[in-house]
Amino acid sequence: MGGCFSKPKPVELKIEVVLPEKDRKEELSASGKGSPRAYQGNGTARHFHAEERLPAPHPYPGAQDFMEAAVCHVKDLENGQMREVELGWGKVLLVKDNGEFHALGHKCPHYGAPLVKGVLSRGRVRCPWHGACFNISTGDLEDFPGLDSLHKFQVKIEKEKVYVRASKQALQLQRRTKVMATCISPSAGHSGSTNVLIVGAGAAGLVCAETLRQEGFSDRIVLCTLDRHLPYDRPKLSKSLDTQPEQLALRPKEFFRAHGIEVLTEAQVVTVDVRNKKAVFKDGFKLEYSKLLLAPGSSPKTLSCKGKEVENVFTIRTPEDANRVVRLARGRNAVVVGAGFLGMEVAAYLTEKAHSVSVVELEETPFRRLLGERVGRALMKMFENNRVKFYMQTEVLELRAQEGKLKEVVLKSSKVVRADVCVVGIGAVPATGFLRQSGIGLDSRGFIPVNKMMQTNVPGVFAAGDAVTFPLAWRNNRKVNIPHWQMAHAQGRVAAQNMLAQEAEISTVPYLWTAMFGKSLRYAGYGEGFDDVVIQGDLHELKFVAFYTKGDEVISVASMNYDPIVSKVAEVLASGRSIRKREVETGDMSWLTGKGS
């Protein structure tokens, strides 16, 4: 989307606004239905057997399983245009690019966003909600979040009409899992060695395992996690505290069996012996590996004040934590400590359930470091309008109990707040304590530094996700830690590619989002150290776009009710073009809304 556009348009920003109601669905319906069953790990279900493979679908479906119809006239679409067209009972995304037509699934497989409202650029379409990118020629997922690709349908042109042919099943499914190799060396019983060991089963660990299989790797892969569950959508916990584990699962249990990805649940690695390439588990189990991915994530910080052992004080780490908080908060008084993503999402969710919700924060406005003073204040007002009470520029002095259970939170400002349940969201530290004596390099804060290939200082040992610092290509390779869902996906993929010696480098533009009161805030870029904020739109109406600048360069962007502008900016940055401050100060954003190639 670089280069010159046809004559610049005036100030008006031609961008479709996604209504809040539509947005509400987005955050609550990850992966459609959720997987059929939760996986009850009990520590013993260590190994799957070779005969537990899934039957493959029949390779030659009958002709009656296909739909074919004319969907439009050749002249109905201009170059660079996308349109949703009806095909039988389903819909298809039709794209015209460089004179060619492409037909793809019309919904993003991650949370079901309508891709027609996304951004078409450089042969790919970028989701308007969370920034995932799909190749228009193949339908393949090229940037994250999410795990699945789009179906690609056949297009033919006859007598100036555009025909699309698609299987009915593909039209209904709206998602396609890439073909994966199966494991040809499943473990015989409790074999003590694996080809690839992945420590941590969040997005980075899962994407690494899936990428290896997609790239044809057919040796043994073992994924281990402290959790009792198979990999799940953790960012959703704080946005929707009631959600059950089976609704959060990223893949059903059968998926792991079918592709020979072994998952050890409630399995804690206590030491890594890099000289002998061996991981030692808490229960004494030892596992040799030839390649290792460290994706342990982080551990939430806890309060260190008086009364910290009182009952009903939580950090939200698991579905069980989240579910208990909702149960205890119903009709009672809830206090949230910390006004970052987790704290604010929890506070927003509890307003409809709890009798009262209070937020305690050291800064003067919520999200101040990330979003700045003005945006933080506008969001704070939205919370206050929803009966949330803020205690700013103070911290917790003491948690007071009655019969062992939390009753009051005493603040340093000497205020006393009634509380039956308290959620602590004051940040996290990398969960890398087990690596201290390993020889694998850690920085002074406990992060694992990696290069662009996600390689640590030890050959054959890679790291990804919340616990790493890595060079951010478009910010002059500055070493940064970006603890976000989308970034973990991207890093897991790059690590897998380099385990297979493909020499891939991390280059993705960070993209994150939060949802509160049915409204979504989207954010792209890396805004650390911004020195100014340029705001277009209306903060009070919560329909705005904020550009964060350092010197004369835009380094990040945030928006509400302004889709797909954050995806547009992400796409411009991903194309290697920098955005100047003066370009966004004028209010003329034709450079952003023009039909770039």
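Residues numbered from 1 in each chain as written. Predicted model: local features only at pLDDT ≥ 70, side-chain atom pairs only at ≥ 80, totals over all residues. Heavy atoms only, no water.

Enquirer: How do you make sense of the pairing of strand β4 (residues 100-104) when you look at a structure like this?
Expert: Sheet faces and side chains relate simply in a regular strand, where the side chains alternate between the two faces. Where burial is concerned, most of β4 is hidden: four out of the five residues are buried. Taken together, the five bridges between strand β3 (residues 90-97) and β4 define a ladder with antiparallel strand orientation. Across the sheet, residue Asp97 finds its bridge partner in β4, namely Glu100. From the end of β3 to the start of β4, which pair antiparallel, there are two residues, and Asn98 there has a positive phi angle of about 50 degrees. Two strands pair when backbone bridges link them, and β4 and strand β9 (residues 152-158) are joined in this way by two bridges, in the antiparallel orientation. Paired with Leu104 across the strands is Lys152, a residue of β9. (Buried < 20%, exposed > 50% of the residue type's maximum accessible area, 1.4 Å probe, protein only. Helix = DSSP H or I, 4+ residues; strand = E, 2+ residues; numbered from the N terminus. Pairing = 2+ DSSP bridges.)

Enquirer: In this structure, what is going on with the nonpolar core? I would like to understand it.
Expert: Here is a general trend for soluble globular proteins: nonpolar side chains tend to be buried in one another's company. In terms of nonpolar packing, the biggest core is built from 103 residues, with Leu197, Leu293, Leu294, Phe470 and Phe547 touching the most fellow members. Per element, the largest residue contribution to this core is eight residues, and it comes from helix α10 (residues 485-499). For Leu197, the contacting residues outside a window of four places in its chain are Val222, Cys224, Ala279, Leu287, Tyr289, Lys291, Leu292 and Leu293. With 49 residues, the next largest nonpolar core counts Ile316, Ala334, Phe544 and Ala558 among its residues. (Core = buried A, V, L, I, M, F, W, Y, C linked by side-chain atoms within 4.5 Å. Contact = heavy atoms within 4.5 Å.)

Enquirer: Just to check I follow, could you spell out the packing of aromatic side chains for this structure?
Expert: Aromatic ring pairs: the centre-centre distance and the angle between the two ring planes describe each pair. This structure, assessed with the given rule, holds seven aromatic pairs. Look at Phe383 and Phe390: their rings are 6.2 Å apart centre to centre, the planes differ by 70 degrees, and that puts the pair in the edge-to-face class. Phe390 shares its class with Phe383; the two are buried. Where Phe383 meets Phe517, the ring centres are 4.9 Å apart and the plane angle is 70 degrees; that geometry is what we call edge-to-face. Residue Phe383 is located in helix α9 (residues 368-385), and its partner Phe517 is located in the loop between β32 (511-516) and β33 (519-525); the two are separated by 134 residues in the primary sequence. (Phe/Tyr/Trp six-rings, centres within 6.5 Å; stacked < 30°, edge-to-face > 60°.)

Enquirer: Even after reading the chapter, I still don't get the sheet that holds strand β15 (residues 278-281), so can you show me in this structure?
Expert: The strands that make up a sheet pair up through hydrogen bonds in the backbone, lying either parallel or antiparallel. Strands sit in the order β14-β15-β16 across an open sheet of three strands; the sheet is antiparallel. If you trace the sheet from one side to the other, it starts and ends with β14 (269-273) and β16 (286-288), each paired once. In this sheet, neighbouring strand axes are inclined to one another by 20 degrees on average, regardless of whether the strands run parallel or antiparallel. Looking at chain direction, β14 and β15 are connected through four bridges and run antiparallel. (Axes fitted to C-alpha atoms, helices over the stretch in contact; angles between N-to-C directions.)

Enquirer: I would appreciate a short explanation of α9 in the present structure.
Expert: Since there are 3.6 residues in each turn of an α-helix, residues three or four apart along the chain are aligned in direction. Here α9 spans only 19 Å end to end across 18 residues, well under the 26 Å set by a 1.5 Å rise per residue. Its axis deflected by about 80 degrees at Arg374, α9 carries its strongest bend there. Looking only at α9, the buried set comprises Leu371, Gly372, Val375, Gly376, Ala378, Leu379, Met380, Met382 and Phe383. (Expected span 1.5 Å × (residues − 1). Bend = angle between axes of the 7 residues up to and from the residue.)

Enquirer: Quick question: what am I supposed to make of the side chain of Asn312 here?
Expert: Locating Asn312 in the fold gives a position in the loop between β18 (298-300) and β19 (313-314). Ignoring any residue separated from it by four or fewer positions in sequence, one finds Asn312 in contact with Arg324, Leu328, Lys405, Leu406, Asp420, Val421 and Cys422.

Enquirer: Before we go on, may I ask you to explain the confidence of the model for the chain in this structure?
Expert: With 87% of its residues at a pLDDT of at least 70, the chain reaches an overall mean of 89. Low pLDDT, under 50, characterises residues 1-25; the predicted model gives this stretch 56 contacts beyond four residues in sequence or across chains. Across residues 27-59, confidence stays below pLDDT 50; counting only partners more than four residues off in sequence or on other chains, it has 74 contacts. (pLDDT = per-residue confidence, 0-100.)

Enquirer: It is not clear to me how the environment of Gly340 should be interpreted in this structure. Could you clarify?
Expert: With respect to the helices and strands, Gly340 occurs in the loop between β20 (333-337) and α8 (341-350). Residue Gly340 is classed as partly exposed on the basis of its relative accessible area, which comes to 27%. It is 7.1 Å that separates the C-alpha atoms of Gly340 and Gly425, two residues lying 85 residues apart in sequence.

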